[in-house]
Amino acid sequence: MLGDNGPVTQPHRADPRATAPTSHSGALFERARAVTPGGVNSPVRAFNAVGGTPRFIRSASGAWLTDVDGNEYVDLICSWGPMLLGHAHPEVQAAVTAAVARGTSYGTPTEPEVELAEEIVARTPVEAVRFVSSGTEATMSAIRLARGFTGRDLVVKFAGCYHGHVDALLASAGSGLATLAVPGTPGVPASAAGETIVLPYNDRAAVEKAFAEHGDRIACLITEATPGNMGIVPPEPGFNAFLAETCRRHGALFVSDEVMTGFRATRQGGWGLDGAVEGWVPDLMTFGKVMGGGFPAAAFGGRADVMGRLAPEGPVYQAGTLSGNPVATTAGLTTLRLATDEVYAHLDATAATIGSAVVDALVNAGVPHRLQSAGTMFSVFFGDDEVRDFEGASRQDTTAFAAFFHAMLDAGVYLPPSAYEAWFVSAAHDDRAVQAVIDALPGAARAAAGATDNREGNRS
Ligand SMILES: *Cc1c(COP(=O)(O)O)cnc(C)c1O
């Protein structure tokens, strides 16, 4: 099953916490299910992986969400990454309100687009960017550009890395390493998946084998800069540099997907953790989430000679009616300008505090776990072993996670409703919000301990 943000959620299981019919969330969910598949507009929101009823959120401020029943939660989803500054930040709100008052879309070039592009070029190694409206559109366009630039068709990706719902990237490994992939969901043509090679993450030998067999047909390799869509699974030291070099040797482009990590893992995104230090640069990068400041805005960018192949400068076609929308680019620009070094230091410290409190609580309750992090992003795997690829992530105890999740929710902390997701904090997560998380942890850890026995049938 495909998540919002990740390639997997667990199959639905018998649900002891059935929709509470008396709550406004429960009633809204019933109405939503009558008119929308699964009652949601992106799958992981539906709680299928953890059971129960999603809370319908009415408003949010800073680190806090308020649902339609008036319950408050510390938000550790942060819209799956974008809300770096917290919800309803006064300066972002003021800039957006002013932008709306000037009209919401013109279909002409505008100043905020130029300023946001300049900000992204200043923070990252890309020389030029093109705006789109979603991360999916960014990776789809980057792949088309890589194919147009190289004149080749094959794409290499890693199992467990999510790049949006692009046909060629919703593919699963075929029956052996370096063979062509099969559709990852009904609706993806075998021909689209057949242009993709899916490899295990952090596996250099598999990458070498794929390039040895197909190197002259590979347009690009795409990877999350540091995977966050199977939980946080950092690249082993030097892995991204190895990928960049392997691509270079074979005339393929190295595409680093920073839709989640961009302007989030560090000021310079995931690239700030390795490339900026080691001195290599991706050929293309994709961005989304934080750079939209809570609005639909995303981008792809990279080497000037590659980006110059894009229409109208070059022959590779790409376009969008709302691309670079003035309200969305204003929200993104204001967010990035406010995302100072102090903000990233706060995010680092907050993530470290919450992460170590989670570890303490799980240790005390005797629950096997692994905390993994990349810059300001972190996640907790409910299992004993270090996770270095999707197979490892799939070995975790999702029953324990579901119990933990619901105990946290009942105690007023809204975690991502899937064991395969990163946890997100914001600049607005202050002492009160962090303390509320810390207070909720011991009870949730005990709930997880009580649920760990019945593991069979809950592994993917
Ligand atoms: C969220 C995400 C996407 C897709 O972005 P959407 O805006 O949801 O289409 C692509 N790549 C990565 C790494 C993501 O985390």
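Because the structure is a prediction, the values reported are computed rather than measured. Within every chain, residues take consecutive numbers counted from 1 along the sequence as written. Local features in a predicted model are, by the rule used here, given only for residues with pLDDT of at least 70; side-chain atom pairs are given and counted only at 80 or more, and totals for whole chains, interfaces and linings are based on all residues. The basis for the side-chain values is all heavy atoms of the structure; hydrogens and waters are excluded.

Peer 1: Which residues make up the overall build of the protein, and what are the values?
Peer 2: In terms of regular secondary structure, the protein is built from 14 helices and 15 strands. The C-alpha atoms of the protein give a radius of gyration of 21 Å, which matches the 23 Å a tight globule of 460 residues would have. For every residue, the accessible area (1.4 Å probe, protein chains only) is compared with the maximum for its type, and the residue is labelled buried under 20%, exposed over 50%, or partly exposed between those bounds. Expressed as a percentage of its 460 residues, the buried residues of the protein come to 57%. A sequence separation of at least 24 residues applies to 73% of the contacts in the protein between residues at least 6 apart. Here a strand is any run of E in DSSP of at least two residues, a helix any run of H or I of at least four, and the numbering for each starts at the N terminus. Restricting the calculation to C-alpha atoms gives the radius of gyration, and the globule rule supplies 2.2 Å times the number of residues raised to the power 0.38. In this description, contact between two residues means that some pair of their heavy atoms is separated by no more than 4.5 Å.

Peer 1: Tell me about helix H3 (residues 111-123), residues and numbers included.
Peer 2: Between the first and last C-alpha of H3 there are 19 Å, a value that for 13 residues agrees with the 18 Å anticipated at 1.5 Å per step. Of the surrounding secondary structure, the elements contacted by the buried residues of H3 are strand S4 (128-132), strand S11 (284-287), helix H10 (326-338) and helix H11 (341-365). A helix is expected to span 1.5 Å multiplied by its residue count minus one.

Peer 1: Hey, could you go over the site of the ligand for me, with residue numbers and the actual values?
Peer 2: For this purpose, a residue is taken to be near a molecule or strand whenever a single non-hydrogen atom of the residue falls within 4 Å of it. Around the ligand, the structure places 13 residues, and the nearest of them are Gly135, Thr136, Asn229, Asp257 and Lys289. In the environment of the ligand, an oxygen atom lies 2.7 Å from a nitrogen or oxygen atom belonging to the side chain of lysine 289. Only the protein chains shown count as cover for residues, and the accessible areas themselves come from Shrake-Rupley with a 1.4 Å probe. Protein chains shield 86% of the accessible area of the ligand, which is 380 Å² for the free molecule. A class-by-class count of the residues in the shell around the ligand yields three nonpolar, seven polar and three charged. Two N or O atoms form a polar contact when they lie within 3.5 Å of each other; inside protein one atom must be a possible hydrogen donor and the other a possible acceptor, and for residues adjacent in sequence the pair counts only when both atoms belong to side chains. Residues are grouped as follows: Ala, Val, Leu, Ile, Met, Phe, Trp, Tyr, Cys and Pro are nonpolar; Asp, Glu, Lys and Arg are charged; all remaining types, including Gly, are polar.

Peer 1: Which residues make up the packing of aromatic side chains, and what values do they have?
Peer 2: Two numbers describe a pair of aromatic rings. These are the distance of the centres and the angle of the planes. Stacked, tilted and edge-to-face are the three classes assigned to paired rings of Phe, Tyr and Trp, where Trp is represented by its six-membered ring and a pair needs centres within 6.5 Å; plane angles under 30 degrees give stacked, over 60 edge-to-face, the rest tilted. Under the defined criterion, the tally for this structure stands at 16 aromatic pairs. An angle of 70° between the planes, with centres 6.1 Å apart, marks the rings of phenylalanine 47 and tyrosine 414 as edge-to-face. In this pair, phenylalanine 47 is assigned in the loop between helix H1 (24-35) and strand S1 (57-61) and tyrosine 414 in strand S15 (residues 413-414), connecting sequence segments 367 residues apart. Side by side, phenylalanine 47 and tyrosine 414 carry an identical accessibility label, which is buried. Ring geometry for phenylalanine 404 against tryptophan 423: centres 6.3 Å apart, planes inclined by 25°, an arrangement best described as stacked. Of this pair, phenylalanine 404 sits in helix H13 (residues 398-410) while tryptophan 423 sits in the loop between S15 and helix H14 (431-451), and the two are 19 residues apart along the sequence. An aromatic cluster is defined as three or more aromatic residues linked by ring pairs; in this entry it consists of Phe47, Tyr73, Phe378, Phe382, Phe401, Phe404, Phe405, Tyr414 and Trp423.

Peer 1: I'd like a rundown of the domain arrangement of the protein, residues and numbers included.
Peer 2: Where the parts come together, the accessible area they lose is often given as the size of the interface. Either an automatic procedure or a domain database provided the assignment from which the domain bounds are taken. Domain annotation for the protein reports domain 1 (24-84 + 340-459) and domain 2 (90-338). In this complex, domain 1 contributes 29 residues to the contact, which on the side of domain 2 involves 28 residues. Here the quantity called buried area is the accessible surface, traced with a 1.4 Å probe, that two parts lose on coming together, added over both. Counting each side, the surface lost to burial between domain 1 and domain 2 is near 2300 Å², with a carbon and sulfur contribution of 58%. The largest contributions to the domain 1 side of the interface with domain 2 come from Tyr344, Met377 and Arg388, which together make up 26% of the buried area. The term salt bridge refers to a pairing of a side-chain nitrogen on Lys or Arg with a carboxyl oxygen on Asp or Glu at a separation within 4 Å. In this structure, the connection of domain 1 to domain 2 is made through two salt bridges. In this assembly, domain 1 and domain 2 are joined by twelve residue pairs in polar contact (both at pLDDT 80 or more). Contributing elements (two or more residues each) for the side of domain 1 that touches domain 2: H11, strand S13 (370-374), strand S14 (377-381) and helix H12 (390-393).

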